[in-house]
Amino acid sequence: MPAPRAQRLRVAPSVREELKALARSGRSEARLVLRARLVLLAAEGHSNQEIARRLGCHVDTVRVWRGRFARDGRLVTLEDRPRSGRPPRVSPATRCKLIKLACDKPARHGQQTRSTWTYATLARRLLQETGIGLSVSEVGRILRNEDFRPHKMRLWLHSPDPDFCRKVQRICDLYHHPPDGAHVLCVDEKTGMQALGRRFPSKLPAPGRAGRFEFEYVRRGTWSLFAAFDIRTGEVLGECKPQRRAEDLMDFMEGLARKYPGSSGLRVAQVAREIAP
């Protein structure tokens, strides 16, 4: 007597779209992709034996995941359930103590010669202060699990000018709300840029072949770049000079005044004369 045909799974439209995306994914875990395809075939009304044959898995696997999805119906059902294992060796309190120590400055804990922590110094200091011994690798795993990297630092610079915030606010307001009929330009300069040239000509790319650039280069001195950014249009204007002198800056600003004729251009030239040394 043939086995009774399994009932068609009921899948919500939104969940079905998520299952299709998961089943087509090339980066998701293979077990999740297999389960998504399994559920989609079950939603089409295929039997467990037919699904197992199509996917190349055991029929018991089909029964397990078909039953779980039938009871819940959410995509999270395809995830593995938490399994019992060895109890954690490091208690949550110890983890918190380690993170608290890593968030503090080393100088406050007898490490006057250090500006940042390392995994080894954290492990030694934790043992001295709490009597809890952790290996260097265990310290690294705990901190990486919290996405905490005390040995990596970023620097920033804050102006000591007491009117710094007020000046920044004025500039930002001017950028966001430029006066009608005016051209707001942000002007800056970059000095000491190396002018490098290739010793041998480069080979351009061709069908079936990537381009090639010669590794060796020739130094051709340094140049200074004067550039202006038009806040309203996004246009960038630049000019290179062999030196950075007041006359070069004035020439560049005069060129901006000629590009933007009228009162706004005259105002640019006037400001340039005021700030030029």
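Residues numbered from 1 in each chain as written. Predicted model: local features only at pLDDT ≥ 70, side-chain atom pairs only at ≥ 80, totals over all residues. Heavy atoms only, no water.

**Focus on the overall build of the protein chain**
Thought 1: The number of helices and strands found in the protein chain is ten helices and three strands.
Thought 2: Across the protein chain, helices and strands are ordered from the amino to the carboxyl terminus as α-α-α-α-α-α-α-α-β-β-β-α-α.
Thought 3: Whereas a compact globule of 277 residues would reach a radius of gyration of roughly 19 Å, the protein chain reaches 33 Å, over 25% beyond that.
Thought 4: Once the C-alpha set of the protein chain is aligned to its principal axes, its extents read approximately 100 × 60 × 50 Å.
Thought 5: Looking at the protein chain as a whole, 28% of its 277 residues qualify as buried. (Helix = DSSP H or I, 4+ residues; strand = E, 2+ residues; numbered from the N terminus. Rg over C-alpha atoms; globule rule 2.2 N^0.38 Å. Buried < 20%, exposed > 50% of the residue type's maximum accessible area, 1.4 Å probe, protein only.)

**Digging into the packing of helix α5 (residues 92-102) against helix α7 (residues 136-145)**
Thought 1: Where α5 contacts α7, the axes come no closer than 11 Å and their chain directions differ by 80°. Relative to α7, the element α5 lies roughly perpendicular. Across the interface between the two elements, Arg95, Leu98, Ile99 and Ala102 from α5 touch Val139, Ile142 and Leu143 from α7.
Thought 2: Its residues placed into classes, the contact of α5 with α7 shows six nonpolar, no polar and one charged. (Axes fitted to C-alpha atoms, helices over the stretch in contact; angles between N-to-C directions. Parallel < 35°, antiparallel > 145°, perpendicular 65-115°, else oblique. Contact = heavy atoms within 4.5 Å. Nonpolar A, V, L, I, M, F, W, Y, C, P; charged D, E, K, R; others polar.)

**A few points about the packing of aromatic side chains**
Thought 1: In the structure shown here, the tally under the stated rule is one aromatic pair.
Thought 2: Look at Phe226 and Phe252: their rings are 6.2 Å apart centre to centre, the planes differ by 35°, and that puts the pair in the tilted class. Here Phe226, found in strand β2 (residues 217-230), pairs with Phe252, found in helix α9 (residues 246-259); they are 26 residues apart in sequence, far enough to count as distant.
Thought 3: According to the relative accessible area criterion, Phe226 is buried, its value standing at 1%.
Thought 4: The ring of Trp65 is capped by Arg68, whose NZ or CZ atom sits 4.5 Å from the centre of that ring.
Thought 5: Over the ring of Tyr260 we find Lys259; its NZ or CZ atom is 5.9 Å from the centre of that ring. (Phe/Tyr/Trp six-rings, centres within 6.5 Å; stacked < 30°, edge-to-face > 60°. Lys NZ or Arg CZ within 6 Å of the ring centre and 35° of its normal.)

**Some points on the confidence of the model for the protein chain**
Thought 1: Residues with a pLDDT of 70 or more make up 92% of the protein chain, whose mean pLDDT is 83.
Thought 2: Of the regions scoring below 50 in pLDDT, residues 268-277 engages in eleven contacts with residues more than four places distant in sequence or in other chains. (pLDDT = per-residue confidence, 0-100.)

**Some points on the pattern of salt bridges**
For side chains bearing opposite charge, pairing can occur when the charged atoms are close.
Thought 1: Following the criterion strictly, the structure yields 17 salt bridges and no others.
Thought 2: Glu138 is the partner of Arg141 in a salt bridge, and the nearest nitrogen-oxygen pair spans 2.6 Å. One end of the pair, Arg141, and the other, Glu138, are both in helix α7, three residues apart, so they sit about a helical turn from each other.
Thought 3: Arg141 gets classed as partly exposed once you look at its relative accessible area, which sits at 44%.
Thought 4: What makes Glu138 buried here is its relative accessible area of 11%.
Thought 5: Through salt bridges that share partners, Glu29, Arg31, Arg35 and Asp80 make up one connected network. (Salt bridge = Lys/Arg side-chain N within 4 Å of Asp/Glu carboxyl O.)

**Structural notes on the sheet that holds strand β3 (residues 236-241)**
Thought 1: One open sheet holds the three strands; their spatial order is β1-β2-β3, and the pairing between them is antiparallel. At either end of the open sheet lies a strand with only one pairing partner, and these are β1 (185-198) and β3. Each neighbouring strand pair of the sheet contributes to a mean axis angle of 25°, computed without reference to strand direction.
Thought 2: Bridge count for β2 against β3 is six bridges, and the pairing is antiparallel. The residue bridging Leu225 from the neighbouring strand is Cys240, located in β3. (Pairing = 2+ DSSP bridges.)

**Some points on a nonpolar patch on the surface**
Thought 1: On the surface, Ile171, Leu174 and Tyr175 cluster together into a nonpolar patch covering about 240 Å² of accessible area.
Thought 2: Locating Tyr175 in the fold gives a position in helix α8 (residues 164-176). (Patch = residues over 30% accessible without salt bridge, like charges linked within 9 Å, V, L, I, M, F, W, Y side chains within 5 Å. Areas by Shrake-Rupley, 256 points an atom, 1.4 Å probe, with all protein chains shown as cover.)

**Here's the deal with the packing of helix α3 (residues 48-55) against helix α4 (residues 59-72)**
A packed helix pair is summarised by two numbers, namely the angle formed by the two axes and the spacing between the axes.
Thought 1: Packing of α3 against α4 brings their axes to within 8 Å, and their N-to-C directions diverge by 115°. Here α3 is positioned roughly perpendicular relative to α4, judged by the angle of their axes. Classified by chirality, the crossing of α4 by α3 is right-handed. The residues of α4 that touch α3, namely those facing Asn48, Gln49, Ile51 and Ala52, are Val59, Val62, Arg63 and Arg66.
Thought 2: Looking at the contact of α3 with α4 residue by residue, the class counts come to four nonpolar, two polar and two charged. (Left-handed = near helix turned anticlockwise from the far one by under 90°.)

**Examining the nonpolar core**
Thought 1: Judged by nonpolar contacts, the single largest core of 22 residues is most densely connected at Leu9, Val11, Leu19, Val39, Phe69 and Leu78.
Thought 2: Considering each element in turn, this core owes the most residues, eight residues, to helix α2 (residues 30-43).
Thought 3: In contact with Leu19, not counting residues within four places along its chain, are Val11, Ala36, Val39, Leu40, Phe69, Leu75 and Leu78.
Thought 4: Residues Trp117, Leu122, Leu126 and Leu143 belong to the second largest nonpolar core, which totals 13 residues. (Core = buried A, V, L, I, M, F, W, Y, C linked by side-chain atoms within 4.5 Å.)

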